[in-house]
Amino acid sequence: QVQLVESGGGLVQAGGSLRLSCAASGRTFSSYAMGWFRQAPGKGREFVAAISWSGGSTYYADSVKGRFTISGDNAKNTVYLQMNSLKPEDTAVYYCAASIATILEYDYWGQGTQVTVSS
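Residues numbered from 1 in each chain as written. Predicted model: local features only at pLDDT ≥ 70, side-chain atom pairs only at ≥ 80, totals over all residues. Heavy atoms only, no water.

Enquirer: Help me understand the nonpolar core in this model?
Expert: Burial of nonpolar side chains together is a common tendency in soluble globular proteins. By size, the foremost hydrophobic cluster in this structure holds 29 residues, and its most contacted members are Trp 36, Leu 81, Met 83 and Tyr 94. Secondary-structure elements contributing two or more residues to this core are strand E1 (2–7), strand E3 (18–26), strand E4 (33–39), strand E5 (45–52), strand E7 (68–73), strand E8 (78–83), strand E9 (92–99) and strand E11 (113–118). Among the elements that make up this core, the one with the highest residue count is E9 (4 residues). Look past the residues within four positions of Tyr 94 in its chain and what remains in contact with it is Glu 6, Leu 20, Trp 36, Phe 37, Arg 38, Val 48, Phe 68, Leu 81, Met 83, Gly 112, Thr 113 and Val 115. (Core = buried A, V, L, I, M, F, W, Y, C linked by side-chain atoms within 4.5 Å. Buried < 20%, exposed > 50% of the residue type's maximum accessible area, 1.4 Å probe, protein only. Helix = DSSP H or I, 4+ residues; strand = E, 2+ residues; numbered from the N terminus. Contact = heavy atoms within 4.5 Å.)

Enquirer: Can you help me understand the state of the cysteines in this one?
Expert: Two cysteines joined by a covalent bond between their sulfur atoms form a disulfide. Taken as a whole, this structure holds 1 disulfide when the rule is applied. Two residues, Cys 22 and Cys 96, share a disulfide whose sulfurs are 2.0 Å apart. Because the sign of the S-S torsion sets the handedness, a value of about -75° for the bond joining Cys 22 and Cys 96 places this disulfide among the left-handed ones. Note that Cys 22 is positioned in strand E3 and Cys 96 in strand E9, a separation of 74 residues in sequence. Taking the relative accessible area as the measure of exposure, Cys 22 reaches 1% and is therefore buried. Of the residues examined, Cys 96 reaches a relative accessible area of 0% and is grouped as buried. (Disulfide = S-S within 2.5 Å.)

Enquirer: Looking at this structure, how should I read the pattern of salt bridges?
Expert: Close approach of charged atoms allows side chains with opposite charge to pair. Enumeration over the complete set of coordinates arrives at 4 salt bridges. For Asp 90, the salt bridge is made with Arg 38, and the minimal N-O distance between the two is 2.9 Å. Of the two residues, Asp 90 sits in the loop between E8 and E9 while Arg 38 sits in strand E4, which places them 52 residues apart along the sequence. Judged by its relative accessible area of 1%, Asp 90 falls in the buried class. (Salt bridge = Lys/Arg side-chain N within 4 Å of Asp/Glu carboxyl O.)

Enquirer: When you look at the sheet that holds E7 in this model, what are you seeing that I'm missing?
Expert: Two strands in a sheet stick together by hydrogen bonds in their backbones, pointing the same way (parallel) or opposite ways (antiparallel). If you walk across this open sheet you meet the 4 strands as E1-E3-E8-E7, and the pairing is antiparallel. Of all strands in the sheet, those bounded by a partner on one side alone are E1 and E7. On average, adjacent strands in this sheet sit at an angle of 15° to one another, irrespective of strand direction. (Pairing = 2+ DSSP bridges. Axes fitted to C-alpha atoms, helices over the stretch in contact; angles between N-to-C directions.)

Enquirer: Could you clarify how one ought to interpret the pairing of E4 in this entry?
Expert: For a regular strand, side chains alternate in direction, first toward one face of the sheet and then toward the other. Summarising burial for E4: 6 of the 7 residues are buried, a large majority. Taken together, the 7 bridges between E4 and E5 define a ladder with antiparallel strand orientation. Among the inter-strand pairings, Ala 33 is bridged to a residue of E5, identified as Ser 52. If you look at the hairpin formed by E4 and E5, you'll find 5 residues sitting between the two strands, and Gly 42 has a positive phi there, around 75°. One ladder, built from 7 bridges, connects E4 with E9; its direction is antiparallel. Residue pairing across strands places Ala 33 opposite Ser 99, the latter belonging to E9.

Below, the structure written as structure tokens:
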């Protein structure tokens, strides 16, 4: 069984920064891509950012481009999300995910970490 564990969430003032981390444990697997999603209260889960280990391509939602940066270590199935210039609308539970085959569908999910941005 594969577990993804997120860390680094918390409370921050608008304009501040946070760095989320996600590490995989359990059964060894090779991921094709890893990503971050978020879900705000009363809303559906939305894509935030992803990184494909094939070529190191990165992808971002328009709402976070220029403010968030995804990075990671393929060999360790570890991914990070550096979040700068945070806004109250970034408040959500952030989930890490890993895909074994495609950037579009994810096979493993973490439990989530809360990010709260105060105005």
